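One letter stands for each residue in the lines below.
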Amino acid sequence: MEKSEHSLPTSLPALSERLKKWDLSTTTVNPKSIKNSASKLREEEYLVLRAVCTQYKASDLQDAFASNSPPRWLNRKYLDSIGDDLGVEFYGSSWMDYLQEVSPVYEGVVYRLPNLNNFGLIIYQQRACQNAVQEREIIINEAQDQEDASEAKARNAFVEEFSGMDINFWVHSNKEDSNKKTAKILPTKDEQIVNSALILFLQAVTAFNANVKGHWSIERKAFHARTKDGEKIYRADTDGILELYSGHISALVEVKRSDRVGVSVAKEIKMQEVAEIAAWISEDPPTMSRGRDEEFYRFHISQHRHSIYITIGSFNEHYVDYLQNGNLSNNPVLTIREYGPFSIDIREHVEFVGKLVLAFSIQESSET
């Protein structure tokens, strides 16, 4: 089901109306129309990128791949080929054990770090995104799977006290009424914690699969939108990439230490992510097939504190022509579809994202 929480144009008529409002109907992407970097775009700068953004729930993407008409940007044969264990010859039982550990994280509870081979560090970093306290020792003995009595008691008491309230992180108000409890999702202490959590997760589900011919990297690669003469228009810095061994970039990564709260925050984030995709297209346009009205796709994954979003940008040769030559005659548009949030403490969300990322990485390795 489509939704909107960022107040940006979600359809061509809405985009046309907004461009007219700002007197930008004939303005193209150039050094005069965009003067800021992707992370600092103003709305009037963003609008000349000519993007329409629609937002969907996490379940919409799950349902789409379960339907008879799955999205065209990922061939479902790659997704269907992945078993529940992600391929036992590559992962053993650690993926399934990891999924068993995925659960909500609460303040005031000390969590032990399970011995999960590649996925132990993933759990550690994902909990760190939610400011959880974790024991430093990894206990490797017969009692490993049994929770410490005091830990279990603290968790049960905490969960019982706040049962029925859909929140992951709680603080107590000490103003006026000390007995009043208020819910507040606190930002992760540092953005790099979120970046590490997401990149480690992406690496863990793909790095040991022989069919993946590339790697998810924490390299903060910069892309530049340029004029046809090579003059820089704006710069877009990312927080990671999927780079194939050939050097081809197949996906972008972006992270934030805070969850999306409020229309203004969601709007700023979406403008930045769209600008990253547009700069990527400008710097690395697809190979055109003469005489074909072909649709192209760009994959973008982001994590905001504990929430993962998958964004797909779709466009055709007319949009590339617009970026390169400023040609407005064929109604160029960049269509953005965003799915999420997928929560890192909901097992079915993590399982779906892991399989999806692996399937996409295999597809890119096979067809690019």
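Everything quoted here is computed from the prediction, not taken from an experiment.

Cut-offs and rules
Residues numbered from 1 in each chain as written. Predicted model: local features only at pLDDT ≥ 70, side-chain atom pairs only at ≥ 80, totals over all residues. Heavy atoms only, no water. Helix = DSSP H or I, 4+ residues; strand = E, 2+ residues; numbered from the N terminus. Expected span 1.5 Å × (residues − 1). Buried < 20%, exposed > 50% of the residue type's maximum accessible area, 1.4 Å probe, protein only. Axes fitted to C-alpha atoms, helices over the stretch in contact; angles between N-to-C directions. Parallel < 35°, antiparallel > 145°, perpendicular 65-115°, else oblique. Left-handed = near helix turned anticlockwise from the far one by under 90°. Contact = heavy atoms within 4.5 Å. Nonpolar A, V, L, I, M, F, W, Y, C, P; charged D, E, K, R; others polar. Pairing = 2+ DSSP bridges. Core = buried A, V, L, I, M, F, W, Y, C linked by side-chain atoms within 4.5 Å. pLDDT = per-residue confidence, 0-100.

Peer 1: Sorry if this is basic, but what is going on with helix α12 (residues 347–367) here?
Peer 2: Structural remark: α-helix, 3.6 residues per turn; residues separated by three or four positions point the same way. Taking 1.5 Å per residue as the helical rise, α12 with its 21 residues ought to reach 30 Å, and the 30 Å between its terminal C-alpha atoms agrees with that figure. Extensive coverage of α12 is indicated by the burial of 17 of its 21 residues.

Peer 1: Is there a simple way to think about the packing of helix α7 (residues 120–129) against helix α9 (residues 191–206) in this case?
Peer 2: What describes two packed helices is the angle between their axes and the distance between those same axes. Running from N to C, α7 and α9 point in directions that differ by 150°, and their axes come no closer than 8 Å. On the basis of their axis angle, the class for α7 and α9 is roughly antiparallel. Here the hand of the crossing between α7 and α9 comes out left-handed. Residues Leu121, Ile122, Gln125, Gln126, Ala128 and Cys129 of α7 touch α9, and the partners they reach there are Ile193, Val194, Ser196, Ala197, Leu200, Phe201 and Ala204. Its residues assigned to classes, the contact of α7 with α9 comprises ten nonpolar, three polar and no charged.

Peer 1: So what exactly am I meant to see when it comes to α7 here?
Peer 2: With eight of ten residues buried, α7 is to be regarded as a mostly interior element. Buried within α7 we find Gly120, Ile122, Ile123, Gln125, Gln126, Arg127, Ala128 and Cys129. Asn131 sits one or two residues past α7 and shows a positive phi near 60°.

Peer 1: In this structure, what is going on with the pairing of strand β8 (residues 222–226)? I would like to understand it.
Peer 2: The element β8 is largely enclosed, with a buried count of four among its five residues. Taken together, the five bridges between β8 and strand β9 (residues 232–237) define a ladder with antiparallel strand orientation. Counterpart to Ala222 in the pairing with β9 is Asp237.

Peer 1: Explain the nonpolar core to me, please; I cannot follow it from the model alone.
Peer 2: With 50 residues, the main nonpolar core has Tyr98 and Ile301 as its most contacted residues. Top element by residues in this core is α12. It accounts for nine residues. When residues no more than four places from it in sequence are discounted, the contact partners of Ile301 are Leu198, Leu202, Trp216, Leu252, Val253, Glu254, Ile308, Tyr309, Ile310, Val353 and Val357.

Peer 1: For this particular structure, what's the right way to read the confidence of the model for the protein chain?
Peer 2: Caution applies to low-pLDDT parts of the model: their predicted coordinates are not meant to be read in detail. Confidence in the prediction of the protein chain, expressed as mean pLDDT, is 83, and 80% of residues score 70 or more. Every residue in residues 136–183 scores below 50 in pLDDT, and together they form 58 contacts with partners more than four places removed in sequence or on other chains.

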